[in-house]
Amino acid sequence: YLGRPETDMFRSTALVGLGNALRPSQPEEALQVFETYLALFRRRWPQAKEVIALAQSDLACCLNEVGRHDEAVVLMRGIYARRVAMHGAAHEDTISSGLNLSSSLFTLELWSEAKTLTRDQLLPAAERSLGADSHTTLMLKHNLVQVLAQDPACTREDLLEAETIMQDVVERRRRVFGPAHPDTLTDERARADVRTKLAARVDAQAHRRKASPQTGPRPHASAASPSHERFNVTPKKCCNDCGEWLEQDKYSKKQWKARSVRRCLECVAALAAEATG
C-alpha cells in the first residue's frame, strides 16, 4: 500500500496495522509509524477529531512502552480533556482515556493527581455509566489500589481502604469472569500484596507499642493546644501510623508541624526500611 496516494484509506489503514504489528517487538519502529499516521490525518483530514484522538492514544501508549513517560502523559492529558469536551465525562471513550491517563500518572509517581482523577472523577462516572462489574470500572479500582498502596506517604487508613476495594474487585472478578481468568488472578495477587503491606504496618505498630507502653489515659486531641500551658501538661500529637500520642522530641521538626499526615521518628524509619527492603 506504500505506493498508493496519501488520501487512499487503505494506505492509512495499513499504517495502523503495521504500527500495531511492530509494537510488541519493535516499539521504536512502531512509534515512527504512529507519528506518520497522526501527521497524515492532521494534514489531510483535520476534521476527523475522533480518528486523530485514537491516533494520539496509540502514539501515547507507544511512548510509554519506549520509556518516554513525560511525553506520553502530556498527550494523554490532552486526549482526556478533549474527550470530556466532546462526549462528556461519563462516555465510555472518555473513561477509557482517563484510565490510560491514570496509569501514566501512576508510572510517573504523581500520586495526588492520580488519586484525585481516579477516585473523584473516573470511578463515579464509570460506575454510573458502565456499571460496577465492567472491566473498565474494575481496572480503575485496581489502579486506585496501586496508587493508595504504593504512595510512600500512605497511611494505615489508606491501606485499609485499598484492601476493602481490592476485596470487592476480586469478588466481582470471580463472579463475572471466573476464578481462573488472568485478570482475576492478577487482582488476587494485588490483594495479597496489599494485605502483606498492611500486616507489616500493623506488626511494626504493635512492636513499637510493646517497646514504649503507654501509662494512663491518652490525652485528648486538644492537648497540643495552648491550653496545655495552663495545666502544666506536656504537649503531644498523634502519629497517623502507630496511633500513639507522643511528645515533640519523638518527631522531626517538619513532622511535628505537619497539618495532615504526621509520622513519628520511629514510623518514618520503619517506612524507610520497608521501602528499601
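Structure's up top.
What you are looking at is a predicted structure, and each value in this text was computed from that prediction instead of being measured.

Chemist: So what exactly am I meant to see when it comes to helix α5 (residues 92-107) here?
Modeler: Residues lying three or four places apart along an α-helix face the same way, a consequence of the helix completing one turn every 3.6 residues. Counted at 1.5 Å a residue, the expected span for α5 with its 16 residues is 22 Å, and the 23 Å between its end C-alpha atoms agrees. The complete set of buried residues in α5 reads Thr94, Ile95, Ser97, Gly98, Leu99, Leu101, Ser102, Ser104 and Leu105. Lining the buried residues of α5 we find α3 (49-65), α4 (69-87), α6 (111-129) and α7 (135-150).

Chemist: Please clarify how the packing of α5 against α7 should be interpreted in this entry.
Modeler: Between two packed helices, what matters for the description is the angle formed by their axes and the separation of those axes. Between α5 and α7, the least distance of the axes is 10 Å, while the angle of their chain directions is 20°. The angle between α5 and α7 places the two elements in the roughly parallel class. Helix-helix and strand crossings are classified by hand; for α5 and α7 the assignment is left-handed. Contacts between α5 and α7 involve Ile95, Leu99, Ser102, Ser103 and Phe106 on the former and, on the latter, Thr136, Met139, Leu140, Asn143, Gln146, Val147 and Gln150.

Chemist: Just to check I follow, could you spell out the pattern of salt bridges for this structure?
Modeler: Side chains carrying opposite charge are able to pair once their charged atoms draw close together. A complete count under the given rule lists 15 salt bridges for this structure. Close ionic contact of Arg119 with Glu161 constitutes a salt bridge, the shortest N to O distance being 2.7 Å. Residue Arg119 is found in helix α6, and its partner Glu161 is found in helix α8 (residues 156-176); the two are separated by 42 residues along the sequence. Between Arg173 and Asp187 there is a salt bridge, with the nearest N and O atoms lying 2.9 Å from each other.

Reading the values: the criteria
Residues numbered from 1 in each chain as written. Predicted model: local features only at pLDDT ≥ 70, side-chain atom pairs only at ≥ 80, totals over all residues. Heavy atoms only, no water. Helix = DSSP H or I, 4+ residues; strand = E, 2+ residues; numbered from the N terminus. Expected span 1.5 Å × (residues − 1). Buried < 20%, exposed > 50% of the residue type's maximum accessible area, 1.4 Å probe, protein only. Contact = heavy atoms within 4.5 Å. Axes fitted to C-alpha atoms, helices over the stretch in contact; angles between N-to-C directions. Parallel < 35°, antiparallel > 145°, perpendicular 65-115°, else oblique. Left-handed = near helix turned anticlockwise from the far one by under 90°. Salt bridge = Lys/Arg side-chain N within 4 Å of Asp/Glu carboxyl O.

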